[in-house]
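Inside the fold
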Amino acid sequence: MFDPVQLRTFLAVAQTLSFTQAAHRLGLRQSTVSQQVRRLEAAAGRQLFARDTHGVELTEDGEAMLGFARTILEANERAASWFAGTRLRGRLRFGASEDFVLTRLPELLEGFRRDHPEVDLELTVELSGILHQRLGQLDLVLAKRSAERPQGRLVWRDKLVWIGGERLRIDPDRPLPLIVFPPPALTRARALEVLERHGRPWRIACTSGSLNGLVAAARAGLGVMAHTRGLIPPGLVRVPERAGLPDLGPVDFVLLHGERGGRDAAGAQAAEALAAAILASGDRLQRPLGG
């Protein structure tokens, strides 16, 4: 039988690909995180992570353990909730970034509503930058971390990459055609800042506040877009390195709690329950639908 504490620690490392970040999320020492992962690997009789000076990656057995760990922990949470006899209720205002339109977030929310039918869940889908601005009107936000608001519980860390249609060809002698969200989109700001810093000319080929709109433009071959590596929509691919586009750097997806404090204890409890569900199942959100 696998220890739920060790499984929860394993999930935190798998989602952040960092023992340090996992320790920060769980409120543990890094040495404790490493010890719990070693014990889980001993119990499984397999190596779950490949570690080197460049970082941490899941092994094939680690990928398999990811699904098992999530299932075991979800069943454990449902059992604990059932026998505790407590039912969450109240209004929960949840904001999610446009990045999750084509992911399995709807499945996660469906499961939450099934487990907590007396919670009135209100969903707002917006750009990360706008969600940061509206944090006072929401109870919980899942969005990219911004430089202006560096706090938040890390759900997972990834890289921003350039993507486009499979037949797209980039002319190095012409301005780079960009497909972007409107301001204050964080990916837009990062892409423009990186291109300016590297002296790469650019032009806006398409602007849309909808991820579906950007994807349609990219599939039509209008240009390239900056996007999270783990969330590349079907029909689009990474722009090859030979195109010479500058590196866009890392991106963190975080959970931020709203600012209404103790005014609504029921809403705060519901927000914490949804946050726990997202942290436990964050790896699902890294797999786009159809991908």
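Whatever comes next refers back to the structure up there.
Quick notes on the rules
- Residues numbered from 1 in each chain as written.
- Predicted model: local features only at pLDDT ≥ 70, side-chain atom pairs only at ≥ 80, totals over all residues.
- Heavy atoms only, no water.
- Core = buried A, V, L, I, M, F, W, Y, C linked by side-chain atoms within 4.5 Å.
- Buried < 20%, exposed > 50% of the residue type's maximum accessible area, 1.4 Å probe, protein only.
- Helix = DSSP H or I, 4+ residues; strand = E, 2+ residues; numbered from the N terminus.
- Patch = residues over 30% accessible without salt bridge, like charges linked within 9 Å, V, L, I, M, F, W, Y side chains within 5 Å.
- Areas by Shrake-Rupley, 256 points an atom, 1.4 Å probe, with all protein chains shown as cover.
- Salt bridge = Lys/Arg side-chain N within 4 Å of Asp/Glu carboxyl O.
- Expected span 1.5 Å × (residues − 1).
- Pairing = 2+ DSSP bridges.

**Quick look at the nonpolar core**
Ranked by size, the top nonpolar core spans 39 residues in total, and within it Phe94, Trp162, Leu274 and Ile278 carry the most contacts. For this core, the secondary structure elements donating two or more residues are strand E3 (90-97), helix H5 (105-115), strand E5 (140-144), strand E6 (153-165), strand E7 (176-180), helix H7 (186-197), strand E11 (250-257) and helix H9 (265-280). Here this core gets six residues from one element, more than from any other, and that element is H9.

**Brief notes about a nonpolar patch on the surface**
A surface patch of nonpolar side chains, about 270 Å² in accessible area, is lined by Phe2, Phe68 and Ile72. Here phenylalanine 2 shows up in the segment before helix H1 (4-16).

**Quick look at H9**
Under the 1.5 Å per step criterion, the end-to-end length of H9 is 23 Å for 16 residues, consistent within 8% with the ideal 22 Å. Those residues of H9 not exposed but buried are Gly267, Ala270, Ala271, Leu274, Ala275, Ile278 and Leu279.

**A short note on the pattern of salt bridges**
Scanning the model with the defined rule gives 13 salt bridges in all. In this structure, the salt-bridge partner of aspartate 61 is arginine 46, at a minimum N-O distance of 3.1 Å. With aspartate 61 in helix H4 (residues 60-84) and arginine 46 in the loop between helix H3 (30-44) and strand E1 (49-52), this pair connects stretches of sequence that are 15 residues apart. Put simply, arginine 197 and glutamate 193 hold a salt bridge, and the shortest N to O gap is 2.7 Å. Of this pair, arginine 197 and glutamate 193 both sit in helix H7, four residues apart, which is roughly one turn of the helix. The exposure class of glutamate 193 is partly exposed, given its relative accessible area of 37%.

**Describing the pairing of E6**
It is a general feature of regular strands that their side chains alternate between the two faces of the sheet. Of all 13 residues that make up E6, 10 are buried, and the element is covered over most of its length. Here E6 runs beside strand E9 (residues 225-228); their pairing, made up of four bridges, is antiparallel. Within the sheet, the bridge partner assigned to isoleucine 163 lies in E9 and is methionine 225. The pairing of E6 with strand E10 (residues 236-238) spans three bridges and is antiparallel. Each bridged residue has a counterpart across the sheet, and for glycine 165 the counterpart in E10 is leucine 236.

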